[in-house]
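For reference, the chains in residue letters:
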Amino acid sequence: MTALSYSVTETTLRSRGRDRSQVRETLVVISSRHVLVVMLALLAGTAVARAQDVPSAPAGTRTLTETPFQLILSRQHLLSDRYGVRSWLEEHGITPTLTFATDALGNPAGGRRQGFTTGNNIALDLNFNLEKLGGPKGGSFQLSMSERFGASLSGKYIGNAFSVQAIFGENTFRLVNVAYRQKLLDDRVEFQVGRIAAGDDFLVSPYNYVFVQNGFDGNPVSIFIDAPGMTPYPNATWGALVKGRPTKRTYAMGGLYNGDPSIHANKHHGLDWSMDGPLFATGEIGYQRNGLPNDQGRTGNYKAGFWYDNSQFTDFNTVARGHAPGVTRGEWGYYGLFDQVLFRFGEPGDHRGLGVTGSVLIAPDQSVSQMPFFSNARFLVRGLFPSRPTDATGFGVVFGQFSSDLQDSQRRAQLTNPTVGVQRHETALELTHRFQLKGNALFLQPDLQYIIRPGGTGRISNAFVGGVRVAINF
């Protein structure tokens, strides 16, 4: 099997990485939305300990065929398994995971003004293998919680739309996932129900978690700008998901969710379990090229999907016309994403090589869509040097085009308020390298970013950003 790995644990991929990027104060005319996208490559602590003994993933977690760039190995922890408590729990079906991650970044040049901030996340996840606990075969239950604190460099100092820190937003303690997952028919069918996040399962690639910039990390961020019903970590909502695998290389899945964004307010701490709607629906199909046992070719994943949000949206064509703006119900969009191994270094079992990934998101109704076109592209290298086989290097570009109808409304608003800017587009570049340490239980990740046309208006100078991400799996 030819596969790259970025040392992200199964639990991490399933429950992380959606941090809120702010569609900031610069989004005049429309109220700003905090967007969150999982940060997590954080748990990125899967270890090479017992590398020759590759266990199957526990029931309820993602399988190798779904995450071919992830090496499924026993996790290493920074703290020792004192008295064997952790091992005993896992043997009896309870897998606890405690992690900490921080994005510490500053902008020495550009932006509204210069500054430095940190965004931090402490996460506790409990996964219960119900089969080991005497329950149904293929059943699992997940309980997770998060504590976030810090400040946003983009919101406080730069003023751009794509937050330079994925680990920021929802600064409080909150209950996240409370969910039941069941696999059936030799894992060819599975469903999940409970308090879940759509961003944990849809529009996601393992490659995303190598990056710090919110335009990449977790899910492509424009989905949260255009669809308030799309739920990302550390938020969750009532939802149900069904996934089927017609063949070993293909899948189709769909999900329905309570799309009320008000339940995510910090004051609720994840405990507002109302079901007032509106509905958010999404579906996705996928194809895996290589990556199965006995495959010799380079692994690739190709996915396409759609979404519909039944919320009410401001009609930009009615804004700044001397009367209250009108609203319309419903917005939709579609997307495609892929990841593909290009070259392999060393032997197949080394999981070292070069890969490329990208995504395109389109929300065609420009009268209500703030960002009708979004795309990103990334190159990643794992194990560039044989002496550092699990380190990862990434370079990426993210681009977002603001709605022409939004721009027209902003031009009309300028007639009475010259301070209003016209948002056209924003671009972000990122170069990052992850040093895996302590058996991959900890990583240190220096990061450089360059933000072009922050906020899209051209009124804020381009910003240079530098800093580091640190993550620990305790």
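For the structure itself, consult the block above.
Reference entry: report on the structure contained in this document. (Residues numbered from 1 in each chain as written. Predicted model: local features only at pLDDT ≥ 70, side-chain atom pairs only at ≥ 80, totals over all residues. Heavy atoms only, no water.)

Turning to the overall build of the protein, a few remarks are in order. If you tally the helices and strands in the protein, you get five helices and 18 strands. By the burial criterion, 60% of the 474 residues in the protein qualify as buried. Across the protein, every contact between residues at least 6 apart in sequence was considered, and the portion connecting residues at least 24 apart equals 69%. (Helix = DSSP H or I, 4+ residues; strand = E, 2+ residues; numbered from the N terminus. Buried < 20%, exposed > 50% of the residue type's maximum accessible area, 1.4 Å probe, protein only. Contact = heavy atoms within 4.5 Å.)

The next point concerns the environment of Ala-392. Along the chain, the position of Ala-392 falls in strand S15 (residues 392-401). Residue class for Ala-392 comes out buried when judged on its relative accessible area of 2%. Taking the C-alpha atoms as reference, Ala-392 lies 9.3 Å from Arg-352; in sequence the two are 40 residues apart.

This part takes up the side chain of Arg-378. Its place among the elements puts Arg-378 in strand S14 (residues 373-382). Summary of buried charges: Arg-378 has no salt-bridge partner, and the nearest side chain of opposite charge, Asp-339, is 7.8 Å away. A polar side-chain atom of Arg-378 sits 2.9 Å from a polar atom in the side chain of Asn-376. When residues no more than four places from it in sequence are discounted, the contact partners of Arg-378 are Tyr-207, Asn-208, Phe-211, Phe-216, Gly-355, Val-356, Thr-357, Gly-358, Ser-359, Phe-395 and Gly-396. (Lys, Arg positive; Asp, Glu negative; His and termini not counted. Salt bridge = Lys/Arg side-chain N within 4 Å of Asp/Glu carboxyl O. Polar contact = N/O pair within 3.5 Å; in protein donor to acceptor, adjacent residues only side chain to side chain.)

Attention now goes to helix H5 (residues 404-414). Taken as a whole, H5 has its buried residues at Asp-405, Leu-406, Gln-407, Ser-409, Gln-410, Arg-412 and Ala-413. For H5, the secondary structure elements touched by its buried residues are S15. Structurally, the start of H5 carries an N-cap: the backbone nitrogen of Asp-405 is 3.1 Å from a side-chain oxygen of Ser-403.

This part is about the packing of aromatic side chains. Within this structure, the stated rule accounts for ten aromatic pairs. Taken together, the aromatic side chains of Tyr-257, Phe-280 and Trp-307 make up a single cluster linked through ring pairs. Its end group placed over the ring of Trp-238, Arg-195 keeps NZ or CZ at 5.9 Å from the ring centre. Sitting over the face of the ring of Tyr-251, Lys-243 holds its NZ or CZ atom 4.4 Å from the ring centroid. (Phe/Tyr/Trp six-rings, centres within 6.5 Å; stacked < 30°, edge-to-face > 60°. Lys NZ or Arg CZ within 6 Å of the ring centre and 35° of its normal.)

Okay, the nonpolar core next. Buried together is how nonpolar side chains tend to be arranged in soluble globular proteins. If you look at the biggest cluster of nonpolar residues, it comprises 46 residues, and the most contacted ones within it are Phe-162 and Ile-223. Of all the elements in the fold, those that place two or more residues in this core are helix H3 (153-158), helix H4 (222-226), strand S9 (250-258), strand S12 (327-345), S14, S15 and strand S18 (463-473). (Core = buried A, V, L, I, M, F, W, Y, C linked by side-chain atoms within 4.5 Å.)

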